Each structure stands twice: as C-alpha cells, then as structure tokens.
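If you want the building blocks of each chain, they are given just below.
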Amino acid sequence: MDFFERLNETHEGIHGSTCVALDKFTTLRVGGPADYFAEPQTEEELLLMMREAKAARIPVLLLGNGSNVLVRDGGFRGLAIRLGKGFSAIERKDDCLYAQAGALLSTLARQALEASLTGLEFAQGIPGSVGGGVYMNAGAYGGELGQRVEFVRVLDGETVREIPGSEMAFSYRHTRAMEEQWIILGAQFRLTPGDPKEIETAMRDFAARRKEKQPLEYPSAGSFFKRPAGHFAGALIEGAGLKGLTVGGAQVSEKHAGFLINRGGATASDFLELMRQVQARVMEKYGVMLEPEVRIVGEDK
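Note that the structure is a prediction, hence the values are computed from the model and not measured.

**What to know about the overall build of the protein chain**
- A count of helices and strands for the protein chain gives eight helices and 19 strands.
- For a compact globule of 301 residues, the expected C-alpha radius of gyration is about 19 Å, and the protein chain comes in at 20 Å, within 12% of that figure.
- A principal-axis box enclosing the C-alpha atoms of the protein chain has dimensions of 60 × 50 × 30 Å.
- Looking at the protein chain as a whole, 50% of its 301 residues are labelled buried.

**Quick notes on the pattern of salt bridges**
- Under the definition given, this model contains 17 salt bridges.
- Here Asp35 and Arg77 are joined by a salt bridge, their closest N and O atoms 2.9 Å apart. A residue pair is termed long-range when its members are at least 10 positions apart, and Asp35 in strand E2 (residues 33-38) and Arg77 in strand E5 (residues 76-82) qualify at 42 residues.
- Among the residues examined, Arg77 registers a relative accessible area of 31% and is labelled partly exposed.
- When the shortest N-O distance is used, the salt bridge between Glu238 and Lys243 registers 3.7 Å.
- By relative accessible area, which is 34% here, Lys243 ends up partly exposed.
- Through salt bridges with shared partners, a single network forms among Asp35, Arg77 and Glu299.

**Some remarks on the packing of aromatic side chains**
- Tallying each qualifying case throughout the model produces four aromatic pairs.
- Between Phe25 and Phe37 the ring centres are 4.5 Å apart and the planes differ by 20°, which places this aromatic pair in the stacked class. Remark: Phe37 occurs in strand E2 and Phe25 occurs in the loop between strand E1 (17-21) and E2; sequence separation between them is 12 residues. With respect to class, Phe25 is no different from Phe37; both count as buried.
- Note on Tyr98 and Phe151: the rings are 6.1 Å apart at their centroids and 25° apart in plane angle, and the pair reads as stacked. Linking Tyr98 in strand E7 (residues 96-100) with Phe151 in strand E11 (residues 149-156), this pair joins segments that are 53 residues apart in sequence.
- Take Tyr98: its relative accessible area is 11%, and that puts it in the buried class.
- The ring of Tyr98 has Lys93 sitting right over it, with the charged end atom 5.3 Å from the ring centre.

**Points about unusual backbone geometry**
- Located in the positive-phi region is Arg57, a residue other than glycine, with phi close to 55°.
- Mapped onto the fold, Arg57 is located in the loop between helix H2 (43-55) and strand E3 (60-63).
- Here the phi dihedral of Asp94 falls at roughly 55°; this positive angle occurs in a residue that is not glycine.
- Locating Asp94 in the fold gives a position in the loop between strand E6 (90-93) and E7.

**With respect to the environment of Ala112**
- Along the chain, the position of Ala112 falls in helix H3 (residues 105-114).
- With a relative accessible area of 1%, Ala112 lands in the buried category.
- In this structure, the C-alpha to C-alpha distance between Ala112 and Arg92, residues 20 residues apart in sequence, is 8.8 Å.
- When sequence neighbours within four positions are dropped, the list of residues in contact with Ala112 reads Leu97, Leu117 and Leu191.

**Focus on the sheet that holds strand E16 (residues 246-247)**
- Strand order in the open sheet formed by four strands is E15-E18-E17-E16, and the pairing between neighbours is antiparallel. Either end of the sheet is taken by a strand with one partner, and the two such strands are strand E15 (220-223) and E16.
- Summarising the sheet, E16 and strand E17 (residues 250-252) pair through two bridges and their orientation is antiparallel. Note on E17: the bridge partner recorded for Thr246 is Gln251.

Parameters and conventions
- Residues numbered from 1 in each chain as written.
- Predicted model: local features only at pLDDT ≥ 70, side-chain atom pairs only at ≥ 80, totals over all residues.
- Heavy atoms only, no water.
- Helix = DSSP H or I, 4+ residues; strand = E, 2+ residues; numbered from the N terminus.
- Rg over C-alpha atoms; globule rule 2.2 N^0.38 Å.
- Buried < 20%, exposed > 50% of the residue type's maximum accessible area, 1.4 Å probe, protein only.
- Salt bridge = Lys/Arg side-chain N within 4 Å of Asp/Glu carboxyl O.
- Phe/Tyr/Trp six-rings, centres within 6.5 Å; stacked < 30°, edge-to-face > 60°.
- Lys NZ or Arg CZ within 6 Å of the ring centre and 35° of its normal.
- Contact = heavy atoms within 4.5 Å.
- Pairing = 2+ DSSP bridges.

Here you go:
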C-alpha cells in the first residue's frame, strides 16, 4: 500500500501519483523521479500531507515554479509537493497585493501594473513563484521582494502563522524562513500608487534588458551562482575564460556567463560537473569560491 492509499483510508479525496519525473517541473528541465508527487489545492490538504508524511517519516520536497532547484538524476526518495494552480490566487487589499505561494512573480507584477501600483516592476521577469521568491528573497535590477513584504503567511510545523516582514531577516538571497524551515503559504506586498504608463515603461525596459543580456531561449535556473562579496559571479566566470564551457548538454552561456543553460539533452550530472569545473577554475584564478544559488536536491543514479 503506497502513501496515498494509506492517506485515503482516513482522508478521502486526497490525490497524488507515484514515480513522477521531476524534470518537467523545473526550469532546468533535468531531474529524476520522485517516489510520490502531489499538487494540493488548499492549505488544509497541504497541512494534511505534511502531517502524514512526517508520521510516515517520508521526506518532503516543496516545489513552486521549479526555477531555483536542480534535482539529481536519481530523483527524490520521498514526497514532492508542488504548489501550483491551487495556490495561485492574488487579491488586492487597498495599496497591497496578497499573493499565494504558487502565484508567478511575473503575474504578480502584471497585476500590480493593472492596479496602478508601483514597487514590483523588477519582478516582472523573474521566472519563479511567490513562495520560492520570498523564501530566498529573490531580486533583480536593484530590487528585492523583502523590500515590499508586509507580512508572510507560513506553515511552521503544523501551525499557520503570519510573520511581519520586519521579522523575516531579509538579506541577500536569505531569509529567516530558511533558518526556521518554514513553508511559505503566501505574502502580502505593500506597494505605492503610481502612473500605469510609467510602471509599464519600467517593466518593458527591464524586459528588454533581460532579452538583450540573458539566454532566455534556453532552459536555465537564472543566475546559477550567488554574488560573492565584492564581485559578480558572471564577471569572474567570464574572466576565467569559461564562456561556452560545455559538459554534455550543459553549458556556460556564451551570452551571460552567470547562466548555466541546457543546450538540449542535459542531465543533472552534466550540470553538477559543469558547476564543479567552473568553481575550480574561478578559485584557481581569483581565489573566490562560487556558491550555487540553485538548491541541489535528490540523489545520483
């Protein structure tokens, strides 16, 4: 009897699948299967799955848009939970927008524009969801989500809590949620009334800059490495002569060295080996160890 059969013995209507490949749920398009996979539609379903998985000692992997995760080729021995359409609602409250964890950041930025609210223009091209974005304090072009978060709704163990933004310890690609192992359920963003034409102009400018400088035509996880203190990862990689470096189907983008891209048919092992080679060469030339921004999970084949 599998996990979902046991779950439905006491809780009817809980749906899920077994042995589901995770490559289609990550923007790198690599990754092996999860033993169990589910997309809960409500907070109650999510809480139930988390509680039962804990009781059965089954590890849990939370996914949103999968834009900042690399799943190893052997997959994930546990339950992968994707917060998707059932967690994608966005609601306006005066000059605030509350978004559930599964809402895309691009959709959130677009709704802010439609509401003539400024403050999230930078998020228009970030390929992640609200949950993952808030969890890691995603940002671009000088803006970070933490600058606009009024409160975060989290699952703390089996308790749902609302944490003020001032207590989230937002910093570069880091938040208190990482330390406390909270699951982000949603967040409210405090915005400012603005001119929709100016907001749209800024969004178009950011989009044009991304298209010009980033390899948007290939699967990637965005910036693969964190920005080291006093440096830019892409500049170090380019300076080490690594643009175009290829392992299998994985490549250091020739357009932007901070991006590792899937040229077609790449495996997670290709990306991991490419990452190791980049780290070694940059360390040899500059004495700087690049730390992956991408979360690496699962096991090798």
